[in-house]
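Structural description and commentary
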Amino acid sequence: MKIFKSAQKTILAVMLLGTIFSCEQNEKPVTNENSAENNTIEKALDSVFKKNELMGMSVVLITNGEISYQYQQGLANEAKNTSITEETIYRVASISKSITATALMQLWDEGKVNLDIDVSNYLSWKLVHPKHPNTPITLRHLLSHQSGIRDGSGYGKFSKDMISEKLHIQELFTEDGAYFSEDLFADHQPGAYFSYTNCTWGIIVSVIENISKQRFDDYCRERIFGPLQMKSDFNVEKIEPVSSIAALYRFENNKWIPQVDDYTDTKPTSRAYPSYQLGQNGLLFGPQGSLRSSAEDLATFALMLMNNGTFKEKEVLKKETVAEMLGSQWLYNGDNGDTWENFFLSYGLGMHQITNKEGGDIIFPDRKMVGHPGIAYGLLSDMYFDSKSKSGIVFITNGSKKEYQYGKKTSFYQVEEDLFYAIYPFLKNLETN
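Residues numbered from 1 in each chain as written. Predicted model: local features only at pLDDT ≥ 70, side-chain atom pairs only at ≥ 80, totals over all residues. Heavy atoms only, no water.

1. Side note on the overall build of the protein
Worth spelling out the cut-off: Under the DSSP-based scheme used, a helix requires at least four consecutive residues in state H or I and a strand at least two consecutive residues in state E, with every element numbered from the N terminus. Throughout, the radius of gyration refers to the C-alpha atoms, and the reference size of a globule is 2.2 Å times the residue count to the power 0.38. Type-normalised accessible area, obtained with a 1.4 Å probe on protein chains alone, sets the label of each residue: buried when under 20%, exposed when over 50%, and partly exposed for intermediate values. The contact rule is simple, with two residues in contact once any of their heavy atoms fall within 4.5 Å. For the area figures, the Shrake-Rupley method with a 1.4 Å probe applies, and any residue is considered shielded solely by the protein chains shown. We score Asp and Glu as negative and Lys and Arg as positive, and we do not count His or the chain ends. Charge placement uses NZ in Lys and CZ in Arg. For Asp and Glu, CG and CD serve respectively.
When helices and strands are tallied, the protein shows eleven helices and 15 strands. Expected size for 433 residues packed as a compact globule is a radius of gyration near 22 Å; at 21 Å, the protein falls within 12% of this value. Counting only C-alpha atoms, the protein reaches 65 × 50 × 45 Å along its principal axes. Taken over 433 residues, the protein has a buried fraction of 60%. A separation threshold of at least 6 residues defines the contact pool for the protein, and within that pool the share at least 24 residues apart is 69%. Of the roughly 17300 Å² of accessible surface on the protein, a fraction of 46% belongs to carbon and sulfur atoms. In the protein, 43 positive and 54 negative side-chain charges are present, and the distance between their average locations comes to 2 Å.

2. So, the environment of alanine 422
Tracing the chain through its elements places alanine 422 in helix H11 (residues 414-431). For alanine 422, a relative accessible area of 7% corresponds to the buried category.

3. Comments concerning the packing of helix H3 (residues 96-109) against helix H7 (residues 200-212)
The test is simple: Axis geometry follows a simple rule: fit a line to the C-alpha atoms, using only the stretch in contact for helices, then measure angles between N-to-C directions, giving values from 0 to 180 degrees. Two helices cross in a left-handed way if the nearer one is turned anticlockwise from the farther one by less than a right angle. They cross in a right-handed way if the turn is clockwise.
It is the contact of H3 with H7, at a shortest axis distance of 10 Å, that shows an interaxial angle of 35 degrees. Crossing of H3 against H7: the hand is left-handed. Contacts between H3 and H7 pair Lys97, Thr100, Ala101, Ala103, Leu104 and Leu107 from the former with Trp201, Ile204, Val205, Val207, Ile208, Ile211 and Ser212 from the latter.

4. Description of the pairing of strand E13 (residues 370-376)
Applicable threshold: A pair of strands counts as paired when DSSP detects no fewer than two bridges linking them.
With six of its seven residues buried, E13 lies for the most part within the structure. As paired elements, strand E12 (residues 352-353) and E13 share two bridges and run antiparallel to each other. In the strand pairing of E13, histidine 352 is matched with glycine 371. With antiparallel pairing between neighbouring strands as the criterion, E13 and strand E14 (residues 379-386) make up a hairpin whose turn holds two residues, including tyrosine 377 at a positive phi of roughly 55 degrees.

5. A look at the pairing of strand E2 (residues 66-77)
One face of the sheet, then the other: side chains in a regular strand alternate in exactly this way. Relative to E2, strand E1 (residues 56-63) runs antiparallel, the two being bridged by eight bridges. Pairing of threonine 63 across the sheet is with glutamate 66, part of E2. Between E1 and E2, which pair antiparallel in sequence order, lie two residues; one of them, asparagine 64, sits at a positive phi of approximately 50 degrees. Connecting the antiparallel pair E2 and strand E3 (residues 82-83) is a turn made up of four residues, with asparagine 81 showing a positive phi of about 55 degrees.

6. Looking at helix H5 (residues 153-161)
Which entries qualify depends on this criterion: Arc definition: directions from the helix axis to the C-beta atoms.
Among all positions of H5, only Gly154, Tyr155, Phe158 and Asp161 are buried. End-on view of H5: buried residues confined to an arc of 140 degrees, all on one side of the axis. Turned more than 90 degrees away from the buried face of H5, the exposed residues are Ser153 and Lys160. Residues of H5 that are buried in the fold lie against helix H6 (170-173).

7. Focus: the confidence of the model for the protein
Our working rule: The quantity called pLDDT is the predictor's confidence in a given residue, expressed from 0 to 100.
With 91% of its residues at a pLDDT of 70 or more, the protein shows a mean pLDDT of 91. Taken as a whole, residues 1-34 scores under 50 in pLDDT and shows 115 contacts with residues more than four places along the chain or in a different chain.

8. A look at unusual backbone geometry
In this structure, proline 241 follows glutamate 240 across a cis peptide bond, with omega equal to -5 degrees. One non-glycine residue with positive phi stands out, namely asparagine 254, at about 65 degrees. Its location among the elements puts asparagine 254 in the loop between strand E5 (248-252) and strand E6 (255-260). Although it is not a glycine, lysine 390 adopts a positive phi angle of roughly 55 degrees.

9. A closer look at the packing of aromatic side chains
What counts here: Pairing of aromatic rings covers Phe, Tyr and Trp, the last counted by its six-membered ring, and requires centre-to-centre distances within 6.5 Å; plane angles under 30 degrees mean stacked, over 60 mean edge-to-face, and any other angle means tilted. For a Lys NZ or an Arg CZ to count as sitting over a ring, it must be within 6 Å of the ring centre and within 35 degrees of the ring normal.
Tallied over the entire structure, the rule returns 25 aromatic pairs. Ring geometry for phenylalanine 412 and phenylalanine 420: centres 5.3 Å apart, planes at 85 degrees, overall edge-to-face. The two residues phenylalanine 412 and phenylalanine 420 agree in class, both being buried. Seen from the ring of tyrosine 273, lysine 166 lies directly overhead, with NZ or CZ sitting 5.3 Å from the centre.

10. A word on a negative patch on the surface
The condition that has to hold: Residues enter patches when their relative accessible area tops 30% and they take part in no salt bridge; the joining distance is 9 Å for like charges and 5 Å for the nonpolar side chains Val, Leu, Ile, Met, Phe, Trp and Tyr. A pair is scored as a salt bridge if a Lys or Arg side-chain nitrogen falls within 4 Å of a carboxyl oxygen belonging to Asp or Glu.
Taken together, the side chains of Glu175, Asp176, Glu182 and Asp183 present a region of like negative charge at the surface. Checked against the element boundaries, glutamate 182 lands in the loop between H6 and H7.

Here it is in structure tokens:
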């Protein structure tokens, strides 16, 4: 993934004319459709959309602690000819991890879990790293991708079979389990190495269900989405109306091919089967990548974290808990992690830390942001913010005709780099007016 390229100075100068918008927190921004300044930023984003040949695109900009600008373009569903709007719901991929981490940290808030003891204390089975059986795996390890667990070859088959076979997650992580594979555990002991994983988030959610005595999707709806007035959900069956859900696309053989969420003929159904028991399999609702959310709702979530865990006088997290999440739990030192080509250089608890390394993880060059990216089934997404400047950016696209390629000067993808470069002068202009 990559950012800020050498864009033309003329575009930069023109975009500094960006207009000022004002809005209340989590309300739609006040815009003047006829203003020349508004047309300037729209034209710049239109250029990003056309250059990268996207199916659809949503952008939300946060400045001075509030949503200041929104942009939508393209189609949510090609077959239905449904346009992207502010209400469009996407499967946002790995941004889901930040919300899942929030759910777990609420239980930490309440003193119900300890991040630094053996996670097996909260499971009905023993989780052991077979190469380091005397080193316990903790929730802190899991939340920061330092557990020594990787997405091994058995994970894909487990994911495919887990609903039809009503699988217990233990079968994936124990050596005598039907889906265990040797490549699931690295040589590194827990706490020693960063290795970005998806399957581990099922363990985290099993803990959430065991401790809260609630199914994960119900818990998030009650404890996170409700207080934040978000229409987001981990259970796609709960999204209304169905027409608001964007299909995700890849472009193959000169045509758009829907990958997931193409509900043209059928309505989505819950993945929870009647006999499911709490803690049985935390991967059921895709805590690692299956959250459905609008760009605006992700901006609301970012605003809550920027406001030290509070939204409209409702406390979702304690201030100290937010600081724990956003602080760096792992920092690359040259040989203690897989950086994905200088993209992951620091990580918190379910939160990616931007370090602004030259040629690496840069979004806006004058601030080190925190948040999360996502990529799956043709979708590309970003939710990043800076608490100090009270600024942030949410970007989502549901597909591109082009294969995503790394940008030229950073470790973000070209389309992200184009978007960040286009929006940055506008953001700066808003902050100074």
